[in-house]
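A closer look at the structure
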Amino acid sequence: MNITYRSVYLSDLKKIVNLYTQQDGFKTNTLTDDFGLPLDIMMADNNKILACSFILFNELDEITYRVLSDKAIVSDDMADDLLLFTKKEKMKHPVNECLKNSIFRLTNWMNHSV
């Protein structure tokens, strides 16, 4: 299986939401701020999204990253590779209201359109 990494495109959002809603902790029909901002994806040969990295805020209002993946295919090492790719490719994000506002606006838009 040939794996590639790339930034998230708008056309990926529906597949990313599907990946997110298949996770064990998802219990509501709407996205919240804990969805975060999708940054990069890991794809297989058939253009299937295997994993996605996100930036979000933790309880202490600090920037954090996470990876959601298809656990049947993606190992912990593969998820760590995507996280490493994301951190190398992105500038450090300062904690600011613009990023929080972007996450809020994205989840609000997706709740009403995707």
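Attention here is on the structure that accompanies the text. (Residues numbered from 1 in each chain as written. Predicted model: local features only at pLDDT ≥ 70, side-chain atom pairs only at ≥ 80, totals over all residues. Heavy atoms only, no water.)

1. Looking at the sheet that holds strand 4 (residues 63–69)
Pairing is antiparallel in the open sheet, where four strands are placed in the order 1-2-3-4. The sheet terminates laterally at strand 1 (4–7) and strand 4, the two strands that pair on one side only. Pairwise comparison of adjacent strand axes, ignoring direction, gives a mean angle of 20° for this sheet. Of the pairings in the sheet, the one linking strand 1 to strand 2 (residues 37–43) comprises four bridges and is antiparallel in character. Of the residues in strand 2, the one forming a bridge with S7 is D40. Along the sheet, helix 1 (residues 13–21) contacts strand 2, strand 3 (49–57) and strand 4; its crossing angle with strand 3, the most-contacted strand, is approximately 85°. (Pairing = 2+ DSSP bridges. Helix = DSSP H or I, 4+ residues; strand = E, 2+ residues; numbered from the N terminus. Axes fitted to C-alpha atoms, helices over the stretch in contact; angles between N-to-C directions. Contact = heavy atoms within 4.5 Å.)

2. What about the pattern of salt bridges?
The tally for this structure, following the rule as stated, stands at three salt bridges. With a shortest N-O distance of 2.8 Å, D12 and R6 are connected by a salt bridge. For D61, the salt bridge identified is with K100, shortest N-O distance 2.6 Å. Pair noted here: D61 is in the loop between strand 3 and strand 4 and K100 is in helix 3 (residues 97–113), with a separation of 39 residues, a long-range link. Assessed through its relative accessible area of 22%, K100 is described here as partly exposed. (Salt bridge = Lys/Arg side-chain N within 4 Å of Asp/Glu carboxyl O. Buried < 20%, exposed > 50% of the residue type's maximum accessible area, 1.4 Å probe, protein only.)

3. Some remarks on the environment of F54
Structurally, F54 can be placed in strand 3. Residue F54 is classed as buried on the basis of its relative accessible area of 1%. In this structure the C-alpha to C-alpha distance between F54 and L83, which are 29 residues apart in sequence, comes to 8.9 Å. For F54, the residues in contact, after removing those within four places along its chain, are I16, F35, G36, L37, P38, L39, T64, Y65, R66 and L68.

4. Considerations on the nonpolar core
Counting residues in hydrophobic clusters, the biggest one holds 16 residues, and the most contacted among them are I16, L31, F35, I41, C52, F54 and M110. Among the secondary structure elements, those contributing two or more residues to this core are helix 1, strand 2, strand 3 and helix 3. Considering every element that reaches this core, the biggest residue donor is helix 1, with five residues. Judged by nonpolar contacts, the second largest core, of ten residues, contains M42, V74, L82 and L83. (Core = buried A, V, L, I, M, F, W, Y, C linked by side-chain atoms within 4.5 Å.)

5. Description of a negative patch on the surface
Where like charges cluster on the molecular surface, the negative patch consists of D76, D77, D80 and D81. If you trace the backbone, D76 turns up in helix 2 (residues 76–89). (Patch = residues over 30% accessible without salt bridge, like charges linked within 9 Å, V, L, I, M, F, W, Y side chains within 5 Å. Areas by Shrake-Rupley, 256 points an atom, 1.4 Å probe, with all protein chains shown as cover. Lys, Arg positive; Asp, Glu negative; His and termini not counted. Charge placed at Lys NZ, Arg CZ, Asp CG, Glu CD.)

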